[in-house]
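Architecture and fold: a report
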Amino acid sequence: MLFYYLRLSALSYRRNPVLSTLMVLAVGIGISAYMIVYTLNYTMGGDPIPHKSDQLFHVQLDSGNPNTDTDAPDQLTYLDAMALLRADRGYRETASSKFSSIVEPQNPELRPFTFIGRGVYADFFSMFDVPFQYGRGWDESADADLQQVVVLSRVLNERLFGGANSVGENVSIAGDSWRVIGVLQEWNPVPKFYDVNNGPFDNGEELYIPWPHLVARELPRSGNTNCWKSIGGTGIEAFLNSECVWLQYWVELPDRDSQIEYLQFLDNYVAEQKTFGRFERPMNNALYDVNEWLVKEEVVPDETRILSMLAIMLLAVCLLNTIGLLLAKFLGKSAELGVRQALGAHKGSLFVQHVIEAGFIGLLGGLLGLLLASYGLEGVKLLLGNQLMITDWIQLNVPVVITTMVLAVVATIIAGLYPIWRACTINPALHLKAQ
Amino acid sequence: MLDMQNVSKVFRTELVETHALRDFSLKVDEGEFVTITGPSGCGKTTFLNIAGLLENYSSGAYRLDAKDVSDLSDFQRARLRNEKIGFIFQSFNLMPDLNLFDNVDVPLRYRGMKSAERRKRIDAALDAVGLLSRKKHLPAQLSGGQQQRVAIARALVGEPRFLLADEPTGNLDSNTAMGVMELLQEINGQGTTIIMVTHDPELAQASERNIHILDGRISDPETPVTQLQTKAAIPA
């Protein structure tokens, strides 16, 4: 009977094309507005690493200015990051920061170009489950021995080696030769949780090297650096010994006990540092898992919540209109319903028939909604393009499309329940004679 | 077959109480062709709706095919209608967007019959009314008489035990009306019980028994069909 009812729905649409199209428009507009906002929220506020987001923690130490009541800094000083790394108390851990440099391609036809890279420790790749197309990441010895190894992003590998397996090839960076040991698959977690301080919606970096090279080679830093105290000298040593925060620090702690233990370790560390005259603020150390960190950093702006409310209200108004239109349509079929009852339809079968008809309208509205939402998201890209460096992630994806269609069908059926109930409870005898 | 005892039907609104049927008693045996006549508003259609399980009655007893229908659920009533009763209406009541085949298909759909069996029955029903060759046509492409023939095919396709016809010739010219009447007589001849409401005394004369209703009551249960023309001539 499902296909029979679907066919009746299509015929019913053809019988009242204007009324039916108005309903599809109402559902489509309401759904598209909601889906645009939903897509933004879904992508901006989604869990970028759902299978282990509760095991990855951002480390926050309050080394801030004791004379102000500003929040604890989001990043760590070099001194603290190195101390935590040396202590090696986490299951896996990494400090990281951005840098920029120049790469000189082997291909003489390509000119040297600037790139944004990231210095990381060996654990970075396994902690964040970074997917590799070729090769792998480096091990701890590369960090310790300052091995000149590099992992390329898929895009940079495409640019330098035409996408071929470049493991074992050499890349010239800042005048030195570096050996390629791995090439990533496309990897752009949204939001870029491991460094929300430097653009949570920026693309991932083009190249990764062992972090100690950043200091050893004094590679140009890129990204936020905040200092509440004067550096007290010039040169790299003075900067490294300063209270300037510029390093992101993440630790993987697989269970609750290890998390409690690590936090205790942080408190002990800060207590010790206080004896040296550092950390003048009250003890305020924290571990934030991925989702807590995204919320704390307000990665999803408040404006999107307001937009969500407005979109839900618009959807509600559109569905209210749909109720009225469905009521007009279904009550207009009273005579047909009377005949169907006379011929053997019971109220339950009429109910199912009209639920499917409402669902059919919802399905068409959902398809229209998807079309409108895809155009709407292009508009959002134009609007947000200046605020968000990269907007490629603003697009309909499979979960959003499925959600749209399910929402459209379910919402229309719910909106249709009253009209359907009214239509199914008519007295057939009243309409058989009148037709 | 159909047995009504002291059936009454009262329509109530906030202001008015209308007695459509009063202590209405009627027995129709299997294979009979009964016509119901009476002036407008006398309760003919109400009787037909109650007989067809489309309307509940206020009091009395009604047994259809020896089964008390008073406590049946909507589902059971629908099933009984689908299996035992065929309806023919004055204004045909065909569904305008369905072709003839699909119109005749409607009662079989609700019976949950398999596709091949449905197709066989529909073709046979349309063939019986002489419209098989036009089964892909829409109702609007047919004349009134042809539309009523389709409605008859639809009523018969489920092989019901009895047929309820509410002024089936009311919208047809006299020649076409006679054609439809002949078709109904032929169907009755094959054993189907028919109860037909009509205003036309000539058609009533063609039936075996006529029931004349006045103010919701049977005015003269024994009215011989031959006296109908005289009765109809007397102004109400």
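Higher on the page you've got the structure.
Glancing now at the sheet that holds strand β4 (residues 59-64) of chain B. Residues and elements named next belong to chain B. Overall, antiparallel pairing links the 4 strands, which are arranged β2-β1-β4-β5 in an open sheet. A strand with exactly one partner marks an edge of an open sheet, and here the two such strands are β2 (17-28) and β5 (67-68). As defined by bridge partners, β4 adjoins β5 across 2 bridges and the pair is classed as antiparallel. Its bridge partner lying in β5, Arg63 is registered against Asp68.

Residues and elements named next belong to chain A. Here Lys192 shows up in the loop between β8 (176-184) and β9 (207-210). On the basis of neighbour counts, which here come to 20 C-beta atoms within 10 Å, the residue Lys192 falls in the buried class. Placed 148 residues apart in sequence, Lys192 and Met44 show a C-alpha to C-alpha distance of 9.7 Å.

Let us now look at unusual backbone geometry. Note the cis peptide between Val190(A) and Pro191(A), where omega equals -5°. Here Pro191(A) shows up in the loop between β8 and β9. Phi is positive for Ala66(B), which is not a glycine, with a value near 70°. Position of Ala66(B) among the secondary structure elements: in the loop between β4 and β5. Look at Ala66(B) and you get exposed, because 7 C-beta atoms sit within 10 Å. Of note, Glu167(B) is a non-glycine position whose phi angle comes to about 45°, a positive value. Along the polypeptide, Glu167(B) turns up in the loop between β7 (162-166) and α6 (174-189). Here Glu167(B) falls in the buried class, since 22 other C-beta atoms lie within 10 Å of it.

This brings us to the nonpolar core. Counting 110 residues, the largest nonpolar core has Val104(B), Ala153(B), Leu164(B) and Ile194(B) as the members making the most contacts within it. It is helix α2 (residues 17-45) of chain A that contributes the most residues to this core, 12 residues altogether. Beyond its immediate chain neighbours, meaning those up to four positions away, Ile194(B) contacts Phe33(B), Phe162(B), Leu163(B), Ala165(B), Leu184(B), Ile187(B) and Asn188(B). Trp178(A), Val180(A), Val196(A) and Trp246(A) belong to the second-largest nonpolar core, a separate cluster that totals 57 residues.

For the rest of this paragraph, the subject is the sheet that holds strand β8 (residues 193-197) of chain B. Residues and elements named next belong to chain B. Here 6 strands make up an open sheet; going across it, the order is β6-β7-β8-β3-β9-β10 and the pairing mixed. Since the sheet does not close on itself, it has two edges, and those belong to β6 (85-88) and β10 (217-218), each with one partner. In this sheet, β8 lies alongside strand β3 (residues 33-37) in parallel orientation, the contact comprising 4 bridges. For Val34, the partnering residue across the bridge sits in β8 and is Ile195. In this fold α6 packs onto β3, β7 and β8, with an angle of close to 150° to the strand it touches most, β8.

With that out of the way, let us pick up the interface of chain B and chain A. Across the contact, 22 residues belong to chain B and 21 residues belong to chain A. Every element with two or more residues in the side of chain B that touches chain A is listed here: α1 (44-51), α2 (74-84) and α3 (100-111) of chain B.

Residues and elements named next belong to chain B. One way to put it is that α3 packs onto helix α4 (residues 115-128) with a least axis distance of 10 Å and a crossing angle of 120°. Accordingly, the angle class assigned to the pair α3 and α4 is oblique. As α3 runs across α4, the sense of the crossing is right-handed. Note on element contacts: α4 touches α3 through Arg118, Arg121, Ile122, Ala125 and Leu126, opposite Leu100, Phe101, Val104, Asp105 and Leu108. Broken down by class, the residue content of the contact of α3 with α4 amounts to 7 nonpolar, no polar and 3 charged.

Each value, and the rule that gives it
- Residues numbered from 1 in each chain as written.
- Chains lettered and ligands numbered in written order.
- Predicted model: local features only at pLDDT ≥ 70, side-chain atom pairs only at ≥ 80, totals over all residues.
- Pairing = 2+ DSSP bridges.
- Helix = DSSP H or I, 4+ residues; strand = E, 2+ residues; numbered from the N terminus.
- Buried ≥ 20, exposed ≤ 12 C-beta atoms within 10 Å, placed from the backbone.
- Core = buried A, V, L, I, M, F, W, Y, C linked by C-beta atoms within 7 Å.
- Contact = placed C-beta atoms within 7 Å.
- Axes fitted to C-alpha atoms, helices over the stretch in contact; angles between N-to-C directions.
- Parallel < 35°, antiparallel > 145°, perpendicular 65-115°, else oblique.
- Left-handed = near helix turned anticlockwise from the far one by under 90°.
- Nonpolar A, V, L, I, M, F, W, Y, C, P; charged D, E, K, R; others polar.

The values reported here are purely geometric and, on their own, carry no functional implication.
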